[in-house]
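# Report on the structure
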Amino acid sequence: MTRPTKRALVTGITGQDGSYLAEFLLDKGYEVHGLVRRSSTFGTQRIEHLYRDIHEVERPLVLHHGDMADGNGLARLIREIRPDEVYNLAAQSHVRVSFDQPTYTADVTAVGVLRLLEAIRDLQDAAGYQIRFYQASSSEMFGKVAETPQRETTPFHPRSPYGVAKLYAHWITVNYRESYGLHVSCGILFNHESPRRGETFVTRKITRAATRIKLGLQSKLYLGNLDARRDWGFAGDYVEAMWLMLQQDTPDDYVVATDATFSVREFCEQAFGRLGLDYRDFVAIDQRYFRPAEVDLLLGCSDKARGQLGWQPRVSFPELVTLMVDADLELARREQVLRDAGLNSILPLR
Ligand code: NAP
Ligand code: GDD
């Protein structure tokens, strides 16, 4: 009997990409299952609008407790849900933090993927049930880049415990494809941002600070290396590429990028400029934000994704900065209203 809708399991559904992917899949008519790790506070802000909709318009979104460190729990979920597609977005995803927590990063970001792949392989062996799997690989794997632009064939040279963990996850996924015939694909995604980006990644840190400075809620912004260059795209565009990969008959790996690069300094210029401010009046350097080893330059070549998947990014760099600044200005305005009403105590702790 065929199922009426496709069923997807998204790990990392509470993160930036997970929230956009859940929206995208729900719009395509999928039944979406999300893995959520237990926390003492709610961590579902990015998907609350989707979750609320369930009661209003019957959208099929189901959340399950689980953790990438718990292989038994992951295997049980895979058996119970029997998804058609698994999107593995869960990770300790912060590069700077990975220098402080290398073992944890390896467990969750690297070995966690192996746990999922084993669960999928077991189900395929036991029940002949094929699951398509997407692995969130990263341009951080190129690290000290061997060539520019970076493409699928560029050798890897990771520069952080996070990059090394992602490289293990990438190769174990490729290995399970070659060894066991699993339908598994890796998207080597370059940096992608949005108003839902975590506040400690540099773009969001800048847009949050610039807008708060504009409204007098903050006076300075402390950053590290302003000369690092990244190929920054919009997260909403990139989740479509993930889905397209799993719709192909043959699994494969693809670079997903805008094919343009800008420095952190240029991001500052544009973000503060949008608000009529000069970033040089407000940005100061703090050595704490430098990394033991840096990735100086990332610039992707996404010809393969564009040619074979028919994918292309829609949001340009200036549009992305504008999108993020405008959203954070609205957030800062709300913060200002609460502050003026003497309601600081209900603001999130910073
Ligand atoms: P993110 O916002 O940091 O989200 C990470 C997600 O992983 C969150 O839902 C987080 O849950 C979950 N998670 C962390 N540790 C977990 C654990 N032990 N068990 C289960 N879930 C766990 O990251 P993102 O920007 O959306 O990125 C999504 C994926 O793409 C990540 O794997 C990242 O490494 C990779 N990637 C991102 C980029 C980028 O530029 N954004 C580029 C290339 C690759 P909580 O909400 O509970 O923290
Ligand atoms: N986070 C942060 N904070 N980065 C800073 C700061 C700061 O105060 N000042 C300068 N930077 C520089 C970093 O040194 C880095 O060169 C660059 O800004 C971007 O840093 P992040 O925004 O933290 O992103 P990332 O490139 O290290 O990692 C992101 O992209 C990867 C893909 O290449 C993450 O999303 C990873 O999960 C992802 O795989």
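Residues numbered from 1 in each chain as written. Chains lettered and ligands numbered in written order. Predicted model: local features only at pLDDT ≥ 70, side-chain atom pairs only at ≥ 80, totals over all residues. Heavy atoms only, no water.

## A few points about the overall build of the protein
The line we're drawing: Only runs of H or I of at least four residues qualify as helices and only runs of E of at least two qualify as strands under DSSP, and these elements are numbered from the N terminus. We compute the radius of gyration from the C-alpha atoms alone; for a globule the expected value is 2.2 Å times N to the 0.38, where N is the number of residues. Exposed residues in this analysis have more than 50% of their type's maximum accessible area, buried residues have under 20%, and partly exposed residues fall in between, with area computed by a 1.4 Å probe over protein chains only. Contacts are assigned to residue pairs with any non-hydrogen atoms lying within 4.5 Å of each other. The Shrake-Rupley method, run with a 1.4 Å probe sphere, supplies the accessible areas, and residue values consider only the shown protein chains as cover. Under the counting rule used here, the positive set is Lys and Arg, the negative set is Asp and Glu, and His together with the chain ends is not counted. In plain terms, the charge of a residue is placed at NZ if it is Lys, CZ if Arg, CG if Asp and CD if Glu.
Counting its regular elements, the protein contains eleven helices and 13 strands. In terms of overall size, the protein behaves like a compact globule, its C-alpha atoms giving a radius of gyration of 20 Å where 350 residues would be expected to give roughly 20 Å. Considering only C-alpha atoms, the protein reaches an extent of 60 × 50 × 40 Å along its principal axes. In the protein, which comprises 350 residues, the share counted as buried stands at 53%. Considering only residue pairs separated by 6 or more positions, the protein has 80% of its internal contacts joining residues 24 or more positions apart. Carbon and sulfur atoms make up 49% of the accessible area of the protein, which amounts to about 16,000 Å² in all. Taking the average location of the 43 positive side-chain charges in the protein and that of its 46 negative ones, the two points are 3 Å from each other.

## Side note on the domain arrangement of the protein
Worth spelling out the cut-off: An automatic or database domain assignment supplies the start and end points of every domain. Throughout, buried area stands for the accessible area (probe radius 1.4 Å) lost by two parts on being put together, summed over both. Polar contacts, as used here, are pairs of N or O atoms within 3.5 Å; protein pairs need one atom able to donate a hydrogen and one able to accept it. Residues neighboring in sequence count only if both atoms are side-chain atoms.
The domain boundaries assigned to the protein delineate domain 1 (7–195 + 232–256) and domain 2 (202–228 + 261–294 + 316–340). Computed over C-alpha atoms, the centres of domain 1 and domain 2 are 28 Å apart. Tallying the contact residues gives eleven residues for domain 1 and 18 residues for domain 2. Summed over both partners, the interface of domain 1 with domain 2 buries about 1,300 Å², with 67% contributed by carbon and sulfur atoms. At the boundary of domain 1 with domain 2, the tally comes to four residue pairs in polar contact (both at pLDDT 80 or more). When contributions to the side of domain 1 that touches domain 2 are tallied by element, the ones reaching two or more residues are α4 (95–100) and β10 (233–234).

## Describing the pairing of strand β11 (residues 253–256)
Operational definition: The pairing criterion is simple: DSSP has to find at least two bridges between the two strands.
Residues Asp253 and Val255 line one face of β11 and the alternating positions Tyr254 and Val256 line the opposite face, and both faces are buried. Sheet topology places strand β6 (residues 183–189) next to β11; four bridges connect them, and they run parallel. Residue pairing across strands places Cys186 opposite Asp253, the latter belonging to β11.

## Things to note about the nonpolar core
So the rule is basically this: In plain words, nonpolar cores are sets of buried Ala, Val, Leu, Ile, Met, Phe, Trp, Tyr and Cys residues tied together by side-chain atoms within 4.5 Å.
Leu25, Val32, Tyr87, Tyr134, Ile206 and Phe272 are the most contacted members of the largest nonpolar core, which totals 63 residues. No other element matches helix α8 (residues 235–246), which puts nine residues into this core. In terms of domain composition, this core takes at least three residues from each of domain 1 (7–195 + 232–256) and domain 2 (202–228 + 261–294 + 316–340). Beyond its immediate chain neighbours, meaning those up to four positions away, Tyr134 contacts Val86, Tyr87, Asn88, Leu89, Ser185, Cys186, Gly187, Leu189, Met242, Met245 and Leu246.

## Some remarks on the packing of aromatic side chains
We describe a pair of aromatic rings using the distance from one ring centre to the other and the angle between the two ring planes. Basically, it comes down to this: When two rings of Phe, Tyr or Trp (its six-membered ring) have centres within 6.5 Å they constitute a pair, described as stacked for plane angles under 30 degrees, edge-to-face for angles over 60, and tilted for the intermediate range.
This model, assessed by the stated rule, comprises 13 aromatic pairs. The interplanar angle of 80° and the centroid separation of 6.2 Å between the aromatic rings of Phe156 and Trp171 together place this pair among those described as edge-to-face. Here Phe156 is found in the loop between β5 (132–138) and α6 (161–180), whereas its partner Trp171 is found in helix α6, with 15 residues between them in sequence. Phe156 gets classed as partly exposed once you look at its relative accessible area, which sits at 21%. Ring centres of Phe267 and Phe317 lie 5.8 Å apart, and the angle between their planes is 75°; on these two criteria the pair is classed as edge-to-face. With a gap of 50 residues between them, Phe267 in helix α9 (residues 264–274) and Phe317 in helix α11 (residues 317–340) connect regions that are remote in the sequence. As far as burial versus exposure is concerned, Phe267 and Phe317 are alike and both buried. Through successive ring pairs, a cluster of aromatic residues spans Phe142, Phe156, Trp171 and Phe190.

## A closer look at the pattern of salt bridges
Just so we agree on the cut-off: Here, a salt bridge means any Lys or Arg side-chain nitrogen found within 4 Å of an Asp or Glu carboxyl oxygen.
For the structure on display, the rule yields 24 salt bridges. Between Asp328 and Arg204 there is a salt bridge whose closest N-O contact spans 2.8 Å. One end of the pair, Asp328, is in helix α11; the other, Arg204, is in helix α7 (residues 202–214), with 124 residues separating them in the sequence. Note on Arg204: relative accessible area 6%, which makes it buried.

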